[in-house]
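Here are the chains, one letter per residue:
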Amino acid sequence: MVQAWLAVIFGLRPFIGHHDWNGVFYSQISRNFLDYGYWFTRLGQMTSPGNFYTHYPPLFTWLLSFWFRVFGVSDINARLMTLLFYLAAIFLLYKICLVLKLKSTAALAACLVIFTPMFRYFSRMPSQEALILFFTLLSLYFFLTKNNRMFYFSVVANGLSGWAGYFFYPLLWFYDRRLALKASLILVLIFCLHLAHVYWLTGSIFGGGILDALLLRLGLFPQLGLVEPELPGQFTWGIYLIKEARILIIYYTLILIFLAAVSFIWIRTKITLILLVWGLAYPLIFSNVVFVHEYFNLYLLPFFSLSLAYLFNRFNLKPILILALALLIYWERNQFYQALIVTRAFEPGVKLGREINQTTPKGITATVTNTKEFISSQNLFIEFYADREIEYIELK
């Protein structure tokens, strides 16, 4: 009953739609920690016995497994934990504005990014981005408040969350070279520990496909004479930049982008420049993966937020404008957002998985017979919702 109410209040739904592969994939890994134990999995992101996902550090799935242990394994609980990290990130943006001595009205304006399709949709997608955004902003907050001990804690947590956070700390060089250097060295150490963990899990520092994932993200497959796993022959910088411009307008709204541009040009601050460079770093460095997964543009959210706050602060804009702007941002791309939340590409797998869960006793292997295309696209969803061993038979 509680989960049903949470689903209604926060708009949480099963993993059936756009990019919901992430939610079901990381939720399954997190459940494996509970089913097999942290000792058996060696704290690795085990997809099945003996197979590990090594492309990212494991902090997100560790936390999600603890969350599942307390509140139960479900799609709603996975989405809820993720949403809480995103809401905490928005609260940090508000606090950062106050630390920067901006007016309270400006600090509230910084929170208007929650009305963009980017936040409204992807803030409920279980993935590392929630932690990276939160711990990056936590680092910025402790950096500005000169709390070095908690700053280093957030650096470590960010390093254990994912790679995008690594691009942020060298930019602090323009504020405090010593602190930026220490943070960068900590991240180098954490990366080395991750490779050591990968070696322990797989017998190779490049095990689990981590090297292939890096090459894919850098777009180096063609140069190395290898077959590209995704979108062969489709990526060019011209196509990518045009697509990125459209993605930003659709997900962040033209209104917000225009106001952020005005703020950035008229009110030049070091902190908004740093946040802009950080937000662009991942899409520019790992362009090939952002070409497929537009949610990596989430890292631009702090730039848009702080830019809007500085605009409100400089021109002493009235509080009523916050409400008006919230409605405009919400309305501009609401039709697109409504289209997003009704995507159902993975609903067949979810339905089949639930049916298997209800009809197949624990410990019994269920057999699924279907086409190769159906199995390859739906198998993760079937397995998560079935919570049973599945044997697949491809139709010829």
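Provided above is the structure to which this section pertains.
The sections below set out a description of the structure shown in this document. As the structure is a computational prediction, the values presented were derived from the model and not from experiment.

### Considering the nonpolar core
Then comes step 1: Within the largest apolar cluster, 114 residues are counted, with the highest numbers of intra-cluster contacts made by F151 and Y282.
Then comes step 2: Non-local contacts of Y282, meaning those with residues more than four positions away in its chain, are made with Y56, A164, F167, R217, S287, V289, V290, F296 and Y299.
Then comes step 3: Core analysis: the second largest hydrophobic core is formed by seven residues, I356, F374, A386 and I390 among them.

### Overview of the packing of aromatic side chains
Then comes step 1: With the rule as written, the count across this model stands at 43 aromatic pairs.
Then comes step 2: Considering the side-chain rings of Y251 and F336, the 5.1 Å spacing of their centres and the 90 degrees angle between planes classify their relative orientation as edge-to-face. Taken together, the residues Y251 in helix α12 (residues 237-252) and F336 in helix α18 (residues 334-340) connect sequence positions 85 residues apart.
Then comes step 3: Residue classification places F336 among the partly exposed residues on the basis of a relative accessible area of 27%.
Then comes step 4: The interplanar angle of 20 degrees and the centroid separation of 4.7 Å between the aromatic rings of Y282 and F296 together place this pair among those described as stacked. Pair noted here: Y282 is in helix α14 (residues 270-285) and F296 is in the loop between α15 (287-290) and α16 (301-314), with a separation of 14 residues, a long-range link.

### What about the pattern of salt bridges?
Then comes step 1: Enumeration over the complete set of coordinates arrives at six salt bridges.
Then comes step 2: Between R79 and D20 there is a salt bridge whose closest N-O contact spans 2.9 Å. Of this pair, R79 sits in helix α5 (residues 75-99) while D20 sits in the loop between α1 (2-10) and α2 (21-36), placing them 59 residues apart in sequence. With respect to class, R79 is no different from D20; both count as buried.
Then comes step 3: In this structure, E332 engages R333 in a salt bridge whose closest nitrogen and oxygen atoms are separated by 3.4 Å.
Then comes step 4: Residue R333 is classed as partly exposed on the basis of its relative accessible area, which comes to 27%.
Then comes step 5: Beyond isolated ion pairs, a larger network of salt bridges with shared partners links R31, K362 and D387.

### A few points about the pairing of strand β3 (residues 366-370)
Then comes step 1: One ladder, built from five bridges, connects β3 with strand β4 (residues 390-394); its direction is parallel. Paired with V368 across the bridge in β4 is Y392.
Then comes step 2: Taking the sense of rotation as the criterion, the β-α-β connection linking β3, helix α20 (residues 372-386) and β4 turns out right-handed.

### Describing α16
Because each turn of an α-helix spans 3.6 residues, side chains separated by three or four positions end up pointing in the same direction.
Then comes step 1: The first and last C-alpha atoms of α16 sit 20 Å apart over 14 residues, in line with the 20 Å expected at 1.5 Å per residue.
Then comes step 2: In terms of burial, α16 is a largely internal element, 13 of the 14 residues being buried.
Then comes step 3: Where α16 terminates, the next one or two residues include N316, which has phi positive at roughly 50 degrees.

### With respect to the packing of helix α8 (residues 129-144) against helix α9 (residues 148-159)
Then comes step 1: Look at α8 against α9: their axes get within 8 Å of each other, and the N-to-C directions meet at 160 degrees. If you check the angle between α8 and α9, you find them roughly antiparallel. When you trace α8 past α9, the crossing you get is left-handed. In this structure, α8 uses I132, F135, T136, L138, S139, F142 and F143 to contact α9, whose residues at the interface are M150, F151, S154, V155, A157 and N158.
Then comes step 2: Residue classes in the contact of α8 with α9 are distributed as nine nonpolar, four polar and no charged.

### Looking at empty space enclosed by the protein
Then comes step 1: The full count for this structure, using the stated rule, is one cavity of 30 Å³ or more.
Then comes step 2: The space that makes up the largest cavity amounts to roughly 50 Å³.
Then comes step 3: What lines the largest cavity is simply G44, Q45, Y53, T54, Y56, P58, H194, H197, V198 and L201.
Then comes step 4: For the lining of the largest cavity, the element with the highest residue contribution is helix α10 (residues 177-202), accounting for four residues.
Then comes step 5: Looking at the lining of the largest cavity, its residues break down into five nonpolar, five polar and no charged.

What counts and what doesn't
Residues numbered from 1 in each chain as written. Predicted model: local features only at pLDDT ≥ 70, side-chain atom pairs only at ≥ 80, totals over all residues. Heavy atoms only, no water. Core = buried A, V, L, I, M, F, W, Y, C linked by side-chain atoms within 4.5 Å. Buried < 20%, exposed > 50% of the residue type's maximum accessible area, 1.4 Å probe, protein only. Contact = heavy atoms within 4.5 Å. Phe/Tyr/Trp six-rings, centres within 6.5 Å; stacked < 30°, edge-to-face > 60°. Helix = DSSP H or I, 4+ residues; strand = E, 2+ residues; numbered from the N terminus. Salt bridge = Lys/Arg side-chain N within 4 Å of Asp/Glu carboxyl O. Pairing = 2+ DSSP bridges. Right-handed = clockwise from strand over helix to strand, strands pointing away. Expected span 1.5 Å × (residues − 1). Axes fitted to C-alpha atoms, helices over the stretch in contact; angles between N-to-C directions. Parallel < 35°, antiparallel > 145°, perpendicular 65-115°, else oblique. Left-handed = near helix turned anticlockwise from the far one by under 90°. Nonpolar A, V, L, I, M, F, W, Y, C, P; charged D, E, K, R; others polar. 1 Å grid on protein atoms, 1.4 Å probe; cavity = no way out; pocket = protein on both sides within 12 Å on 5 of 7 lines; lining within 4 Å. Points joined across faces, edges and corners; volume = space filled by probe spheres on them.

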